[in-house]
Amino acid sequence: MPESSEQPTVERAITLAGDLHARPAGALAVAASRFASAVSVTVGGATADAKSVLGVMGLGATSGQHIRIAAVGPDAEEAAATVIVILGEATKVGE
Amino acid sequence: MSAAVPTVGIVLVSHSAELAVGAADLAAQVSGGTVTIIAAGGTDDGTLGTSAAKVMRGLTDADTGAGVVVLPDLGSAVLTVRAVLEDRPGDRVILADAPFVEGAVAATVTAAAGADIKAVAAAAEEARHARKL
């Protein structure tokens, strides 16, 4: 993807410890929405806006799947890091 | 997390009291419980229908300073909400044209992130384009 020099892009990945149900999807969207950067979540061939709870739930991501996060914008580094932490916490088995 | 900054409140107007309460519970759980969500469902005597008095109380209770987004379940709930809004011209209220459950969840999550009233209403209305499958 083309990118301008002033828009840092940060990519991170995590393997889900549990299914991405409504509550973790909500936590993810609330957290992502606090950043100025655009944040996307990709699972398999599907990509959703991390700030859209319905989009994230629509991915139907399940335990063991590999999720890729891409953040583009001024606070991309912090946004990607925060989203990864939430995905790790919120999908722990038992949720 | 953002206790100092008021978030947009949500009023769910349903013909069914149980449906309004259930959708409010779901939206609260998904969004982390930081947004004021008021269920205004059923008539004053508890039957199926909508109540101007409940909507009026809901608008008052939901407004913590950042305005209120109202979601009606079916068409005639819109009539009740509009009638109430005509009597409250000063309110910062947006009546959102959105699917009830998806709109409630999307609006509440967006409000929880600190978005303004227009962004919260837009999130509710965009919910009709979100695919589940």
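Every chain begins its residue count from 1, and numbering advances along the sequence as written. Note on labels: chains are lettered from A, ligands numbered from 1, in written order. Owing to the predicted nature of the model, reporting of local features is limited to residues with pLDDT of at least 70; listing and counting of side-chain atom pairs is limited to 80 or more, with chain, interface and lining totals taken over all residues. Hydrogen atoms and water are omitted, and side-chain values are computed over all heavy atoms in the structure.

## Some remarks on the interface of chain A and chain B
The interface is formed by twelve residues belonging to chain A together with 14 residues belonging to chain B. A simple way to read buried area is as the amount of 1.4 Å-probe accessible surface that goes missing from two parts once joined, with both sides added. Between chain A and chain B, roughly 1000 Å² of surface is buried when both sides are summed, and carbon and sulfur atoms account for 69% of that area. Pairing of N or O atoms within 3.5 Å defines a polar contact, subject to two protein rules: one partner must be a possible hydrogen donor and the other a possible acceptor, and residues neighboring in sequence count only if both atoms are side-chain atoms. In this structure, the connection of chain A to chain B is made through two residue pairs in polar contact (both at pLDDT 80 or more). Those elements that provide at least two residues to the side of chain A that touches chain B are helix H1 (22-33) and helix H2 (53-58) of chain A. Here a strand is any run of E in DSSP of at least two residues, a helix any run of H or I of at least four, and the numbering for each starts at the N terminus. With seven residues, the top contributor of residues to the side of chain A that touches chain B is H1 of chain A. Side-chain classes are defined by residue name, with Ala, Val, Leu, Ile, Met, Phe, Trp, Tyr, Cys and Pro counting as nonpolar, Asp, Glu, Lys and Arg as charged, and the others, Gly among them, as polar. Tallied by class, the residues present in the side of chain A that touches chain B amount to seven nonpolar, three polar and two charged. Contact between two residues is taken to exist if any of their heavy atoms lie within 4.5 Å; hydrogens are not considered.

## Regarding helix H3 (residues 75-86) of chain B
Because each turn of an α-helix spans 3.6 residues, side chains separated by three or four positions end up pointing in the same direction. Residue and element names in this part refer to chain B. The terminal C-alpha atoms of H3, which comprises twelve residues, lie 17 Å apart, in line with the 16 Å expected from a rise of 1.5 Å per residue. Of the positions making up H3, those classed as buried are Ala77, Val78, Thr80, Val81 and Val84. Looking straight down H3, one finds that the buried residues subtend no more than 165° of arc, so they occupy a single side. Exposed residues pointing more than 90 degrees away from the buried face of H3 are listed as Gly75, Leu79, Arg82 and Glu86. The span expected for a helix works out to 1.5 Å for each residue beyond the first. For each residue, the accessible area found with a 1.4 Å probe, counting protein chains only, is set against the maximum for its type, and the residue is called buried under 20%, exposed over 50%, and partly exposed in between. Directions drawn from the helix axis to the C-beta atoms are what define this arc.

## A short note on the nonpolar core
If you look at the biggest cluster of nonpolar residues, it comprises 60 residues, and the most contacted ones within it are Ile67 of chain A together with Leu71 of chain B. Discounting residues that sit within four places of it in the chain, Leu71 of chain B has contacts with Ile10, Val11, Leu12, Val13, Ala96, Ala98, Pro99, Phe100, Gly103, Ala104, Ala107 and Ala124 of chain B. In plain words, nonpolar cores are sets of buried Ala, Val, Leu, Ile, Met, Phe, Trp, Tyr and Cys residues tied together by side-chain atoms within 4.5 Å. Core analysis: the second largest hydrophobic core is formed by 13 residues, Val11, Val55, Leu59 and Val84 of chain B among them.

## Quick look at the sheet that holds strand E1 (residues 9-14) of chain B
Residues and elements named next belong to chain B. The parallel open sheet is built from four strands, whose spatial order is E2-E1-E3-E4. Sheet topology places strand E2 (37-41) and strand E4 (93-95) at the edges, where each strand pairs with a single neighbour. For this sheet, the mean angle separating the axes of adjacent strands, direction not counted, is 20°. A pair of strands is considered paired only if DSSP assigns at least 2 bridges between the two. Here strand E3 (residues 68-72) pairs with E4 via three bridges, running parallel. Paired with Val68 across the strands is Val93, a residue of E4. Note on method: axes are straight lines fitted to C-alpha atoms, helices fitted across the in-contact stretch only, with angles between N-to-C directions ranging 0 to 180 degrees. Contacts from H3 reach E1, E3 and E4 within the one sheet, and its direction differs from that of E4 by about 155°.

## A look at the environment of Ser31 of chain B
Note on placement: Ser31 of chain B falls in helix H1 (residues 17-31). Of the residues examined, Ser31 of chain B reaches a relative accessible area of 6% and is grouped as buried. Expressed as a C-alpha distance, the spacing of Ser31 of chain B and Arg128 of chain B, which sit 97 residues apart in the sequence, is 19 Å. Ignoring anything within four residues of it in the chain, the contact list for Ser31 of chain B reads Val30 of chain A together with Thr108, Val109 and Ala112 of chain B. Polar side-chain contacts of Ser31 of chain B include one of 3.4 Å to the backbone oxygen of Ala28 of chain B.

## Things to note about the side chain of Thr80 of chain B
Residue and element names in this part refer to chain B. By the secondary structure assignment, Thr80 is in helix H3. A polar contact of 2.6 Å, which involves the side chain of Thr80, links it to the side chain of Thr50. Excluding residues within four positions of it along the chain, Thr80 makes contact with Thr50, Ser51, Ala52 and Val55.

## Re the packing of helix H2 (residues 52-62) of chain B against H3 of chain B
Residues and elements named next belong to chain B. Running from amino to carboxyl end, H2 crosses H3 at an angle of 60°, the nearest separation of the two axes being 9 Å. Relative to H3, the element H2 is oriented oblique. Relative to H3, H2 is oriented so that their crossing is right-handed. Residues Ala52, Val55, Met56 and Leu59 of H2 form the contact with H3, whose own contacting residues are Thr80, Val81, Val84 and Leu85. The residue makeup of the contact of H2 with H3, split by class, is seven nonpolar, one polar and no charged. Here roughly perpendicular refers to angles of 65 to 115 degrees, roughly parallel to angles under 35, roughly antiparallel to angles over 145, and oblique to all remaining angles. Crossings are assigned a handedness: left-handed for a near helix turned anticlockwise from the far helix by less than a right angle, right-handed for a clockwise turn.

Treat this as a map of the structure, not an account of what it does.
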